[in-house]
Number of protein chains: 2
Amino acid sequence: MTFEQQLEVYANLIIEFGVVLQPHQRLLISASTDHVALVRACTASAYQRGARHVAVFWRDDGVTLARHRFAPRDSFGELPAWYGSAANEATERGDAILNITGDDPKLLEGQDATLIALEQSTMVQARAVAYQHIFSSQINFSVAAAATPAWARSVFPHLEPAAAVDALWQAIFQATQVNQANPLEVWRAQCETTRERRELLQEKHFDALRFSGPGTKLEVGLHPNHLWTGGQLTTPSGITFMPNVPTYEVFTAPHRLRVNGTARGTKPASLEGGLVEGWSLEFKDGRVIRASAERGEAALHALLETDEGARFLGEVALVPAGSPVEKTNLLFQNILFDENTASHVALGRAYAFSIKGANAMDETQFVEAGGNYSEEHMDVMIGSSEIDVKRVHADGREEMILEQGQWVL
Amino acid sequence: MTFEQQLEVYANLIIEFGVVLQPHQRLLISASTDHVALVRACTASAYQRGARHVAVFWRDDGVTLARHRFAPRDSFGELPAWYGSAANEATERGDAILNITGDDPKLLEGQDATLIALEQSTMVQARAVAYQHIFSSQINFSVAAAATPAWARSVFPHLEPAAAVDALWQAIFQATQVNQANPLEVWRAQCETTRERRELLQEKHFDALRFSGPGTKLEVGLHPNHLWTGGQLTTPSGITFMPNVPTYEVFTAPHRLRVNGTARGTKPASLEGGLVEGWSLEFKDGRVIRASAERGEAALHALLETDEGARFLGEVALVPAGSPVEKTNLLFQNILFDENTASHVALGRAYAFSIKGANAMDETQFVEAGGNYSEEHMDVMIGSSEIDVKRVHADGREEMILEQGQWVL
């Protein structure tokens, strides 16, 4: 297959099995100017499957960087209204959403971390309506990635630019199984396996998870009404879609006040402010009370200071060793891939669909009920083949779930 | 100078002498994903001159083409609200506007001309507030161009792709005098010359213009309250800006009902539906009663059928032979340049600033007063070194203005 053919297969997988675009539905794509090739392939695929309209909300690394370098320091809390209304109006109308990631992980290194966090939170606030629809699966949406020169340089620093982009595309095609003979069939089977795992975990309904290994001794108390999710989601109108391409995780919501102990990162965290390496977090009654990093500590602190909820967990996810993403042996520096290499927790917002009955709650009720609310939702990896995960029953009994990264449940 | 240095000089000319961006002002750039390099240079230049925020409304040729190829035929009258509100909100707030042109002139060749016109008019309607602000110079704005691979291929079909893009950039730098030692000084002098010419024409205040030459015998009656414009405009708040980079024309408004005779195009017209070559228009009492073309006639007819006003003239412009644009000896297939190679008329909307007192009129009053209203404004070239332009006094006396393309006034 030529690259153009692979890209077409990938675009079809994203539109047909990720977004699951419906005939006559409109689609809003959010993408970078570096993603033109994939955006065009997805647009053509969407129209060929009956889309009524495809709109693209573009961003550009150069424009973003120029703002951080030169714009007035007191202007980062402002945005034109259409930056929010584009996504808000689309989700209110029931349009599908596709977010294409793949940005320069080092773009804003050295820029003011407080302004980076303020810019980010201003955007999240402007898109509050859209995020509410997305986080409660009111509409079908998906996130997928496109290789770019800057991202490829970051992942393959020793390759020539063109070769690095090619290598990153091939890694994406491997991680998303686009290089298989029939990717849609592969993903149908993968989602079936994930569904079985998820239903088993749901049925067992245990009280807490314990992570242990080098530098890590963390107990994550689960919410009493926790729901396990993974693979696909379903909208109220009955569209079953896959929110991430690829996805190999099952996850649920911790109780926001029942997290204790220390977690040491098993992978660097790719934050807005740059890579954070050698990081460690200490929790007491759910709250991060100490955060350190060997590199990029300022970006980690800026993340935690986004709001109070950014210091609490909103997700705990289990990922076995040996996923197609892990088999690439790469640090993608992109959460869509890196979160599928290892078990992880997320600082910030819990998904309403992770707690039974939460869709009907407002923010205050959600937090009072033990859910976590924040403008942030940042996955950080704490699993590896050196980490055991045990389940804890309400009576204190322990049982192994993942032993050295492998499912034993 | 390296290309990057030329691009920076060009961006500074656009921001400082085209848009004349004010400190603390916001800027909205409208551009194609093929214009990334110039957008980034203009964004940096704007921030360095004190811009509070720079937003970019991007378009993409591939996304546009996919819509025309595959989208439902009954969907071209619809657009997401933010396609209009982005520009409307910006102009209402007093932001500056920069429109970057330079698109594939042949992108939509072979597509349905009616749908092309409908898409265009739907966009114009959605941006009605913005166009009202722009056409009455309520805010400072400018239009400039960036070379793209598709445009370069169209202008230099016999060159290799990279060489064609380089050649087009150098032609743009020549036409905009960015290749001069001090482009800002050159443009200050050029605008001064244009101002003197404009004031002389205003003072003489004649009744009509007669164009004559091969295939052309056209009388364009001027509006009794016509105002000559050219070079710079000034906002009510006192910002003097240059709406086109480059510009070598002086122009005013015809009386919409006083145009008679036949005009033969001296250059192809680059319409949305593709190039229109060997075209001819016959006017009676202002209205186009016959339109033909050797190539692209459907696009010409679609243009004329946009609305009733598209069959009447809204502008008549005088451009001498020998401008830096004409000296490139190129057909740019881009109106920003081609209109500065020859005298021309525009089908469609007249600018309110071309008729004294029109700023206070609504559309109906404007048309009743002899102005022309349309969603269209399309310049078509009727001047050349073979064409004479005479002025006509109210008593019927004739005097030469441009003889074989040269000013004799």
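Above this text you will find the structure in question.
In this report, the structure presented in the accompanying data block is examined. (Residues numbered from 1 in each chain as written. Chains lettered and ligands numbered in written order. Predicted model: local features only at pLDDT ≥ 70, side-chain atom pairs only at ≥ 80, totals over all residues. Heavy atoms only, no water.)

1. A closer look at the relation of the copies chain B and chain A
Rotating chain B by 180° and translating it 0.0 Å along the rotation axis places it on chain A, where the RMSD comes to 0.0 Å. Viewed as a symmetry operation, the transformation between the two copies matches a two-fold axis. By residue overlap, the copies meet face to face through one surface: 100% of the interface positions of chain B are interface positions in chain A. (Least-squares fit on C-alpha atoms with pLDDT ≥ 70 in both. Contact = heavy atoms within 4.5 Å.)

2. Looking at the pattern of salt bridges
For the structure on display, the rule yields 50 salt bridges over all chains. We note a salt bridge from B:Arg52 to A:Glu78, for which the minimum N-O separation is 2.7 Å. Taken together, the residues B:Arg52 in the loop between α2 (36-48) and β2 (54-59) and A:Glu78 in the loop between α3 (61-70) and α4 (82-93) connect one chain to another. For B:Arg52, a relative accessible area of 15% corresponds to the buried category. In this structure A:Glu78 comes out as partly exposed when scored by relative accessible area, which is 26%. (Salt bridge = Lys/Arg side-chain N within 4 Å of Asp/Glu carboxyl O. Helix = DSSP H or I, 4+ residues; strand = E, 2+ residues; numbered from the N terminus. Buried < 20%, exposed > 50% of the residue type's maximum accessible area, 1.4 Å probe, protein only.)

3. Describing the sheet that holds strand β19 (residues 398-403) of chain B
The strands making up a sheet associate through hydrogen bonds between their backbones, and the pairing can be parallel or antiparallel. All names here are of chain B. The strand order across the open sheet built from eight strands is β14-β13-β10-β6-β5-β18-β19-β20, with neighbouring strands paired in antiparallel fashion. Strands with a single pairing partner mark the edges of an open sheet, and in this sheet they are β14 (287-292) and β20 (406-407). Bridge count between strand β18 (residues 388-392) and β19: four bridges; the pairing is antiparallel. Opposite Val389, over in β19, you have Leu402 as the bridge partner. (Pairing = 2+ DSSP bridges.)

4. Quick word on the packing of aromatic side chains
Residue and element names in this part refer to chain A. Within the structure shown, the criterion is met by 37 aromatic pairs over all chains. Relative to Phe337, the ring of Trp151 lies with its centre 6.1 Å away and its plane at 40°, an arrangement referred to as tilted. Residue Trp151 is located in helix α7 (residues 149-155), and its partner Phe337 is located in helix α11 (residues 335-338); the two are separated by 186 residues in the primary sequence. The class of Phe337 is buried, set by a relative accessible area of 0%. Pairing Phe251 with Tyr351 gives two aromatic rings, centres 6.0 Å apart and planes at 65°, and the pair type is edge-to-face. (Phe/Tyr/Trp six-rings, centres within 6.5 Å; stacked < 30°, edge-to-face > 60°.)

5. Some remarks on the pairing of strand β3 (residues 96-101) of chain A
Residue and element names in this part refer to chain A. Of all the six residues making up β3, five are buried; the element is thus mostly covered by neighbouring parts of the structure. Here strand β1 (residues 26-32) runs beside β3; their pairing, made up of four bridges, is parallel. Bridge pairing in β3 places Leu28 opposite Ile97. As paired elements, β3 and strand β4 (residues 141-145) share five bridges and run parallel to each other. Each bridged residue has a counterpart across the sheet, and for Ile100 the counterpart in β4 is Ala144.

6. A short note on the environment of B:His133
All names here are of chain B. On the secondary structure map, His133 appears in helix α6 (residues 128-135). With a relative accessible area of 18%, His133 lands in the buried category. The spatial distance from the C-alpha of His133 to the C-alpha of Arg295 is 36 Å, given a sequence separation of 162 residues. Not counting chain neighbours up to four residues away, the residues in contact with His133 comprise Thr91, Glu92, Gln138 and Ile139. In terms of polar contacts, His133 uses its side chain to reach the backbone carbonyl oxygen of Val129, at 2.9 Å. (Polar contact = N/O pair within 3.5 Å; in protein donor to acceptor, adjacent residues only side chain to side chain.)

7. Describing the interface of chain B and chain A
Listed per partner, the contact involves 38 residues of chain B and 38 residues of chain A. Each partner contributes to the roughly 3300 Å² buried at the junction of chain B and chain A, and carbon and sulfur atoms together form 60% of this total. Put simply, chain B and chain A have eight salt bridges between them. B:Arg26 serves as the salt-bridge partner of A:Glu78, at 2.7 Å between the closest nitrogen and oxygen. For the pair chain B and chain A, the interface holds eight residue pairs in polar contact (both at pLDDT 80 or more). Counting only elements with at least two residues in the side of chain B that touches chain A, the list comes to α2, β2, α3 (61-70) and α4 (82-93) of chain B. A total of seven residues in the side of chain B that touches chain A trace back to one element, the largest contributor, which is α2(B). Each residue belonging to the side of chain B that touches chain A can be placed in one class, and the counts come to 22 nonpolar, seven polar and nine charged. (Buried area = accessible area lost by both parts, 1.4 Å probe. Nonpolar A, V, L, I, M, F, W, Y, C, P; charged D, E, K, R; others polar.)

Note that all results are geometric; they support no functional claim without further evidence.
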